[in-house]
Amino acid sequence: MEQTFLAIKPDGVQRSLVGDIIRRFEVKGFTLVGLKLMKVSRELAEKHYEVHKERPFFSSLIEFITSGPVVAMVWEGDGVVASARKIIGATNPLDAKPGTIRGDFGIDVGRNLIHGSDTIETAQREINLWFIQAELVSWNPAN
Ligand code: DAT
Ligand code: MG
């Protein structure tokens, strides 16, 4: 079954949006299989955002993601990687459509509330980076 890695960033936690954000994936019909609140180490943050290490915003991105608690999650379902990206919206909240998480709740590219894996391959890499297998619970929704 396809899985994706999502993380509510420190701004989402600070603004009390954890419940609202999780709700969007629940009502869509995806299955939550992993969930933890954590303070992200610099080492994990730098590995997670490795592809951006030459970008001018890299150091501020690392500062921000390590600044407070993050809610790390794994969600499962057919097409979940691409669908979650649609639910999240464009990287810059000013470009994100109303109805998306970033479109509804943000205005600043450096405070865009949530991370979502961009491909199935990236999702596998990020899940393995953030979770150990014992933290993931495989279950069949009754409905
Ligand atoms: P996404 O999170 O939509 O996958 P990304 O992978 O291109 O976007 O960038 C990772 C994060 O880096 C993004 O969520 C916010 C930050 N970021 C991206 N572009 C930026 C920019 N031009 N200025 C400041 N921060 C930026
Ligand atoms: Mg990305």
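The present account deals with the structure reproduced in this document. (Residues numbered from 1 in each chain as written. Chains lettered and ligands numbered in written order. Predicted model: local features only at pLDDT ≥ 70, side-chain atom pairs only at ≥ 80, totals over all residues. Heavy atoms only, no water.)

### A look at the side chain of Ser 117
Part 1 of the argument: Structurally, Ser 117 can be placed in the loop between strand S4 (114-116) and helix H7 (120-130).
Part 2 of the argument: Ser 117 has contacts with Thr 4, Phe 5, Val 81, Arg 85, Thr 122, Ala 123 and Glu 126, leaving out every residue within four places of it along the chain. (Helix = DSSP H or I, 4+ residues; strand = E, 2+ residues; numbered from the N terminus. Contact = heavy atoms within 4.5 Å.)

### Examining the site of ligand 1
Part 1 of the argument: As a structural note, the neighbourhood of ligand 1 is formed by Lys 9, Tyr 49, His 52, Phe 57, Leu 61, Arg 85, Thr 91, Arg 102, Val 109 and Asn 112.
Part 2 of the argument: Separating an oxygen atom of ligand 1 from a side-chain N or O atom of His 52 is a distance of 2.9 Å.
Part 3 of the argument: Within the complex, 75% of the 510 Å² of free accessible area of ligand 1 lies under protein. (Near = heavy atom within 4 Å. Polar contact = N/O pair within 3.5 Å; in protein donor to acceptor, adjacent residues only side chain to side chain. Areas by Shrake-Rupley, 256 points an atom, 1.4 Å probe, with all protein chains shown as cover.)

### Things to note about the pairing of strand S3 (residues 69-76)
Part 1 of the argument: Within S3, 7 of the 8 residues are buried, which leaves the element mostly enclosed by the surrounding structure.
Part 2 of the argument: In this structure, strand S2 (residues 31-39) lies alongside S3, joined through 8 bridges in antiparallel fashion. The partner of Leu 35 across the bridge, within S3, is Met 73. (Buried < 20%, exposed > 50% of the residue type's maximum accessible area, 1.4 Å probe, protein only. Pairing = 2+ DSSP bridges.)

### Things to note about helix H5 (residues 80-88)
Part 1 of the argument: For H5, the set of buried residues is Val 80, Val 81, Ser 83, Ala 84, Ile 87 and Ile 88. Around the axis of H5, the buried residues are gathered within 170° of arc, so they sit on the same side.
Part 2 of the argument: Contacts from the buried residues of H5 go to strand S1 (3-8), helix H2 (18-28), S3, helix H6 (101-105), S4 and H7.
Part 3 of the argument: Positive phi appears at Gly 89, one or two residues downstream of H5, with a value of about 95°. (Arc of directions from axis to C-beta.)

### Some thoughts on the pairing of S1
Part 1 of the argument: Judged by how many residues are buried, S1 sits mostly within the fold: 6 of 6 residues are covered.
Part 2 of the argument: Along S1, one buried face is formed by Gln 3, Phe 5 and Ala 7 and the opposite face, lined by Thr 4, Leu 6 and Ile 8, is buried too.
Part 3 of the argument: Relative to S4, S1 runs antiparallel, the two sharing 3 bridges. Within S4, the position partnered with Leu 6 by the bridge is Gly 116.

### Topic: the packing of aromatic side chains
Part 1 of the argument: The final tally for this structure, using the stated rule, is 3 aromatic pairs.
Part 2 of the argument: Grouped by ring-pair contacts, the aromatic residues Phe 5, Trp 130 and Phe 131 constitute a single cluster.
Part 3 of the argument: Over the ring of Phe 131 we find Lys 36; its NZ or CZ atom is 4.6 Å from the centre of that ring.
Part 4 of the argument: In this structure, Arg 111 is placed above the aromatic ring of Phe 64, and the distance from its NZ or CZ to the ring centre is 4.1 Å. (Phe/Tyr/Trp six-rings, centres within 6.5 Å; stacked < 30°, edge-to-face > 60°. Lys NZ or Arg CZ within 6 Å of the ring centre and 35° of its normal.)

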